[in-house]
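Residues per chain are reported as follows:
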There are 4 protein chains.
Amino acid sequence: MSLKVAVVVGNPKPASRTRKIAELLLEKLLDPGTFEAQVIDLADYTTEIFAWPSETMGALNAAVAESDLAIFASPTYKATYTGLLKAFLDRYPANGLAGVTAIPLHTGADFTHAMGPTFTLSPLLVELGATVPGRGFYLALSQMERVDEVLDAAVAEYAGNIRRVASLAGALRADIPAS
Amino acid sequence: MSLKVAVVVGNPKPASRTRKIAELLLEKLLDPGTFEAQVIDLADYTTEIFAWPSETMGALNAAVAESDLAIFASPTYKATYTGLLKAFLDRYPANGLAGVTAIPLHTGADFTHAMGPTFTLSPLLVELGATVPGRGFYLALSQMERVDEVLDAAVAEYAGNIRRVASLAGALRADIPAS
Amino acid sequence: MSLKVAVVVGNPKPASRTRKIAELLLEKLLDPGTFEAQVIDLADYTTEIFAWPSETMGALNAAVAESDLAIFASPTYKATYTGLLKAFLDRYPANGLAGVTAIPLHTGADFTHAMGPTFTLSPLLVELGATVPGRGFYLALSQMERVDEVLDAAVAEYAGNIRRVASLAGALRADIPAS
Amino acid sequence: MSLKVAVVVGNPKPASRTRKIAELLLEKLLDPGTFEAQVIDLADYTTEIFAWPSETMGALNAAVAESDLAIFASPTYKATYTGLLKAFLDRYPANGLAGVTAIPLHTGADFTHAMGPTFTLSPLLVELGATVPGRGFYLALSQMERVDEVLDAAVAEYAGNIRRVASLAGALRADIPAS
């Protein structure tokens with residue numbers, strides 16, 4: 001059975017470099033053919049993002065919540081994730097991303113805000129119930145020429161962590177009910 | 001082969017309730033017989049914690065870093081984890097908890113600081129490279145009478161997340177090198 | 001000369017209770033007749049908030065940046081400030097709130113997310129260069145019946161801190177240039 | 001009457017560069033002759049920091065709490081302030097730094113952790129009731145050759161903010177009780 005994967009891009013401008021980086025990370029992490037991916041470029045939904053209720057937004061939220069893996073990608077705005085990405089996440093109920101393995105990803109001009117994905121986006125994803133498999137991913141513009149190398153190092157960390165978590169699954173008590 | 005598990009307790013007073021809660025969480029999460037657990041009560045090491053180098057502390061740090069699962073438990077001090085727990089984590093090199101699935105756990109007087117494990121301890125553990133499998137665990141004193149129920153709900157979340165991450169392991173690209 | 005004051009409300013629904021609480025706090029803090037206040041209810045600008053450039057938004061941003069005091073008020077969404085409020089703050093350049101004394105204010109259902117204004121909104125305002133005069137203000141719905149008492153306690157803290165900062169002003173070196 | 005000023009240094013090694021930077025910042029900010037400064041190098045108290053009660057530590061805590069201005073200086077450990085500094089702050093009761101204007105200061109190897117003082121130390125100081133007058137101060141080793149220039153820019157920001165807060169003091173309602 002195919003896995004579900006989502007890439008959520010919080011840049012108010014469409015088809016951003018941030019989106020491209022997130023797609024590359026996904027390509028390097030999972031075996032093609034094992035998953036179906038949906039890319040949600042929130043720039044396409046700025047007129048709908050504050051509507052409540054909204055069938056369109058509800059369907060997007062549901063698709064991400066049902067994903068096995070989701071990459072949440074944002075340019076750095078005021079050291080943190082964008083308001084647009086937050087507005088998307090605001091639509092979830094408590095624990096709305098339970099079961100999703102979530103990778104926080106920020107891009108930025110330089111390293112000044114490199115802590116952003118780990119210290120601002122990762123706790124928000126954890127609050128929503130997601131699993132965060134290691135350090136948030138940050139790419140500075142100055143690293144664009146060696147983006148493959150930077151992504152490869154990150155992917156090795158995520159893959160290593162995912163394998164280690166998997167080794168725990170067999171040791172879980174059998175009598176734990178589904179949450 | 002047996003899994004390695006660690007419980008690290010950041011209370012400056014030994015044998016605390018915080019330690020007991022962490023041990024209960026472990027007991028409810030993993031099948032007995034599948035793991036060996038080491039409980040590190042940092043109250044026993046306050047005279048050594050700032051010594052550098054220190055064989056004693058180095059051995060403790062290594063034991064936790066090699067664990068498959070670690071629970072980091074702290075009473076709430078100033079809304080966050082204790083300085084004692086931070087002093088233990090400070091001894092790690094960058095990414096020093098890579099491969100460890102880490103559960104942040106705080107206890108507190110009431111719900112005022114319930115965000116602590118998710119918003120202050122979880123990003124620190126992620127910064128160290130650990131995987132955080134969902135929301136941090138918080139227990140308020142007022143919940144002590146129904147501690148089993150509260151722990152059961154949390155354990156169900158962690159178990160669900162761990163199983164879902166495990167489903168990703170088989171889809172990782174085969175050509176990702178070890179990190 | 002009259003002071004400038006702004007109240008920025010990040011609730012996607014207009015005329016919210018959060019707005020009312022922020023207005024009450026202002027009323028209790030400053031002497032009427034000493035200031036002119038502008039209340040910006042971001043619910044009125046959801047269709048404009050992601051437009052770039054925007055004269056309307058630019059004028060609002062400027063009004064807040066020129067304020068002596070600003071209250072940033074938000075309901076609690078996912079433990080933190082709303083995406084709508086963040087989208088407004090995202091429009092500032094680096095250090096764009098320098099010189100502004102900024103009070104972070106969240107409202108929430110209960111105390112579970114009481115750390116939000118202090119641990120999530122306050123660092124964002126500090127990152128923008130604002131001065132934060134003590135703990136963020138949080139009001140739980142269960143406190144509505146004694147809202148005056150809760151506000152009075154907070155106002156006493158803010159006033160005390162503001163007076164103490166003022167005592168420092170006379171000791172600043174005379175040769176420090178304007179930033 | 002003379003102001004009271006404190007510099008608290010959280011480096012486990014005494015007489016650190018971090019301490020020197022904090023002292024330089026103070027020298028550039030306040031007019032000599034207007035204040036008495038106490039420098040607390042926590043490296044001198046590692047054997048006492050977890051003792052409870054402790055007359056020695058109590059006297060140090062009180063000196064800082066009574067200060068008009070305090071600089072809290074730490075090297076970067078795991079992206080954040082040290083456990084040693086946290087252990088000192090842990091000794092305060094709730095709101096224990098009310099009335100203190102507190103400047104968070106981190107030093108680090110490069111800019112990767114430049115967000116540390118603003119996003120990790122500043123909310124902790126605000127939680128303790130202190131006023132934070134703008135962005136936390138961060139110095140990377142690579143900036144050591146132009147440390148005066150970096151400090152001058154920061155001092156200009158802090159002085160500007162302190163003057164602006166002072167302008168608010170006269171507009172506070174006269175009927176606000178002391179907190």
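Every chain is numbered on its own, with residues counted from 1 as its sequence reads. By the order in which they are written, chains take letters starting at A while ligands take numbers starting at 1. Under the rules for a predicted model, residues below a pLDDT of 70 receive no local features and side-chain atom pairs below 80 are neither given nor counted, while totals for whole chains, interfaces and linings still include all residues. Hydrogens and water are ignored here; the side-chain numbers use all heavy atoms of the structure.

**Description of the relation of the copies chain B and chain A**
The transformation that overlays chain B on chain A combines an axial shift of 0.0 Å with a rotation of 180°, and the residual RMSD is 0.0 Å. Taken together, the rotation and translation describe the operation of a two-fold axis. Residue B:Ala166 of chain B places its C-alpha closer to the rotation axis than any other residue of that unit, at 2.0 Å. A contact between two residues is defined here by any heavy atoms of the two lying within 4.5 Å. A shared interface surface links the copies, since 100% of the contact residues of chain B are contact residues in chain A too. Here the copies were fitted onto each other by least squares, based on C-alpha atoms from residues at pLDDT of at least 70 in both.

**A look at the side chain of A:Asp68**
A run of H or I in DSSP counts as a helix once it spans at least four residues, and a run of E counts as a strand once it spans at least two, with each numbered from the N terminus. Mapped onto the elements of the fold, A:Asp68 is located in the loop between helix H2 (55–65) and strand E3 (69–75). What A:Asp68 contacts, discounting residues up to four positions off in sequence, is A:Leu3, A:Lys4, A:Gly99, A:Val100, A:Thr101, B:Arg164, B:Ser167 and B:Leu168.

**Let's talk about the interface of chain D and chain B**
Each partner contributes to the interface: chain D provides 22 residues, whereas chain B provides 22 residues. Note on terms: buried area is the combined drop in 1.4 Å-probe accessible area of two parts once they are placed together, counting the loss on both. Summing both sides of the interface, chain D and chain B together bury roughly 1600 Å²; the carbon and sulfur share of this comes to 65%. When the buried surface of chain D facing chain B is broken down by residue, D:Phe50, D:Lys78 and D:Asp90 rank first, second and third, together holding 41% of it. The rule for a salt bridge is simple: a side-chain nitrogen of Lys or Arg has to be within 4 Å of a carboxyl oxygen of Asp or Glu. The interface formed by chain D and chain B holds zero salt bridges in total. Two N or O atoms count as a polar contact when they lie within 3.5 Å, although within protein this holds only if one can serve as hydrogen donor and the other as acceptor, and sequence-adjacent residues are included solely when both atoms are side-chain atoms. Counting the contacts that link chain D with chain B gives twelve residue pairs in polar contact (both at pLDDT 80 or more). When contributions to the side of chain D that touches chain B are tallied by element, the ones reaching two or more residues are helix H3 (83–89) and helix H4 (116–127) of chain D. Counting residues per element, the side of chain D that touches chain B draws most heavily on H3(D), which supplies five residues. Its residues placed into classes, the side of chain D that touches chain B shows 13 nonpolar, five polar and four charged. Classes in brief: Ala, Val, Leu, Ile, Met, Phe, Trp, Tyr, Cys and Pro nonpolar; Asp, Glu, Lys and Arg charged; the others, Gly included, polar.

**Observations concerning the interface of chain B and chain A**
At the junction of the two partners, chain B supplies 51 residues and chain A supplies 51 residues. Contact between chain B and chain A buries roughly 4500 Å² in total, counting both sides, with carbon and sulfur atoms accounting for 62%. Linking chain B with chain A are two salt bridges. Among the ionic pairs, B:Arg164 bridges to A:Asp68, the shortest N-O distance being 3.4 Å. Our enumeration of links across chain B and chain A arrives at 25 residue pairs in polar contact (both at pLDDT 80 or more). For the side of chain B that touches chain A, the secondary structure elements donating two or more residues are helix H1 (17–29), helix H4 (116–127), strand E5 (131–133) and helix H5 (147–169) of chain B. The dominant element in the side of chain B that touches chain A, judged by the number of residues it contributes, is H5(B), at 13 residues. Taken together, the residues that form the side of chain B that touches chain A break down as 26 nonpolar, 14 polar and eleven charged. At least two bridges found by DSSP between two strands is the condition for calling them paired. Where strand E5 (residues 131–133) of chain A and E5(B) come together, three bridges link them in antiparallel fashion. Looking across to E5(B), one finds that A:Val132 is bridged to B:Val132.

**With respect to helix H1 (residues 17–29) of chain D**
Residue and element names in this part refer to chain D. The end-to-end C-alpha distance of H1, which contains 13 residues, comes to 18 Å, matching closely the 18 Å that a straight helix rising 1.5 Å per residue would cover. All of the buried residues along H1 are Thr-18, Ile-21, Ala-22, Leu-25, Leu-26, Lys-28 and Leu-29. Angularly, the buried residues of H1 cover 165° about the axis, an arc narrow enough to put them on a single face. Residues of H1 that are buried make contact with strand E1 (3–9), strand E2 (35–41), strand E3 (69–75), strand E4 (101–108), strand E6 (137–140) and helix H5 (147–169). The length a helix should cover is 1.5 Å for every residue beyond the first. Here's how the labels work: a residue is buried when its accessible area is under 20% of the maximum for its type, exposed when over 50%, partly exposed in between, all with a 1.4 Å probe on protein chains only. It is the directions from the helix axis to the C-beta atoms that the arc portrays.

**Observations regarding the relation of the copies chain D and chain B**
Turning chain D through 180° and shifting it by 0.0 Å along the axis lays it on chain B, with an RMSD of 0.0 Å. A high fraction, 100%, of the interface residues of chain D reappear at the interface in chain B, so the copies pair face to face through one surface.

**Thoughts on the packing of helix H5 (residues 147–169) of chain C against H5(D)**
In this analysis, axes come from line fits to C-alpha atoms, helices being fitted only over the stretch in contact, and the angle between any two N-to-C directions falls in the range 0 to 180 degrees. Viewed as axis vectors pointing N to C, H5(C) and H5(D) meet at an angle of 125°, and their least axial separation amounts to 8 Å. Relative to H5(D), the element H5(C) is oriented oblique. In the packing of H5(C) onto H5(D), the handedness of the crossing is left-handed. Across the interface between the two elements, C:Ile162, C:Val165, C:Ala166, C:Leu168 and C:Ala169 of H5(C) pack against D:Ile162, D:Val165, D:Ala166, D:Leu168 and D:Ala169 of H5(D). The residue inventory of the contact of H5(C) with H5(D), partitioned by class, reads ten nonpolar, no polar and no charged. For classification purposes, an angle smaller than 35 degrees is called roughly parallel, one larger than 145 roughly antiparallel, one from 65 to 115 roughly perpendicular, and anything else oblique. By the definition used in this description, the sense in which the near helix is turned from the far one sets the handedness, with an anticlockwise turn below a right angle giving left-handed and a clockwise turn giving right-handed.

**Some remarks on the packing of aromatic side chains**
Any two of the Phe, Tyr and Trp rings considered here, Trp counted by its six-membered ring, make a pair once their centres fall within 6.5 Å; the pair's planes then place it as stacked at under 30 degrees, edge-to-face at over 60, or tilted in between. Following the criterion strictly, the structure yields ten aromatic pairs over all chains and no others. Between A:Phe50 and C:Phe50, the aromatic rings sit 5.9 Å apart at their centres with planes inclined by 5°, giving stacked as the arrangement. Pair noted here: A:Phe50 is in the loop between strand E2 (35–41) and H2 and C:Phe50 is in the loop between strand E2 (35–41) and helix H2 (55–65), and the two residues belong to different chains. Like A:Phe50, the residue C:Phe50 is buried in the burial classification. Charge-over-ring placement is defined geometrically: NZ (Lys) or CZ (Arg) within 6 Å of the ring centre, and within 35 degrees of the ring normal. Between A:Lys86 and the ring centre of C:Tyr81, over which it is positioned, the NZ or CZ distance is 6.0 Å.

**Structural notes on the side chain of A:Thr18**
As for its placement among the helices and strands, A:Thr18 is situated in helix H1 (residues 17–29). Beyond its immediate stretch of four places on either side in the chain, A:Thr18 contacts A:Asn11, A:Ala73, A:Ser74, A:Pro75, A:Leu105 and A:Thr107.

**Let's talk about the pattern of salt bridges**
Residue and element names in this part refer to chain C. Within this structure, the stated rule accounts for 40 salt bridges over all chains. A salt bridge links Glu-157 to Arg-135, with the shortest nitrogen-to-oxygen separation between them at 2.6 Å. Remark: Arg-135 occurs in the loop between strand E5 (131–133) and strand E6 (137–140) and Glu-157 occurs in helix H5; sequence separation between them is 22 residues. Across the salt bridge formed by Arg-146 and Glu-149, the nearest N and O atoms sit 3.2 Å from each other.

**Quick notes on the confidence of the model for chain A**
A score between 0 and 100, pLDDT records how confident the predictor is in each residue. With 99% of its residues at a pLDDT of 70 or more, chain A has an overall mean of 97. Reported confidences for the modelled complex are a pTM of 0.98 and an ipTM of 0.98.

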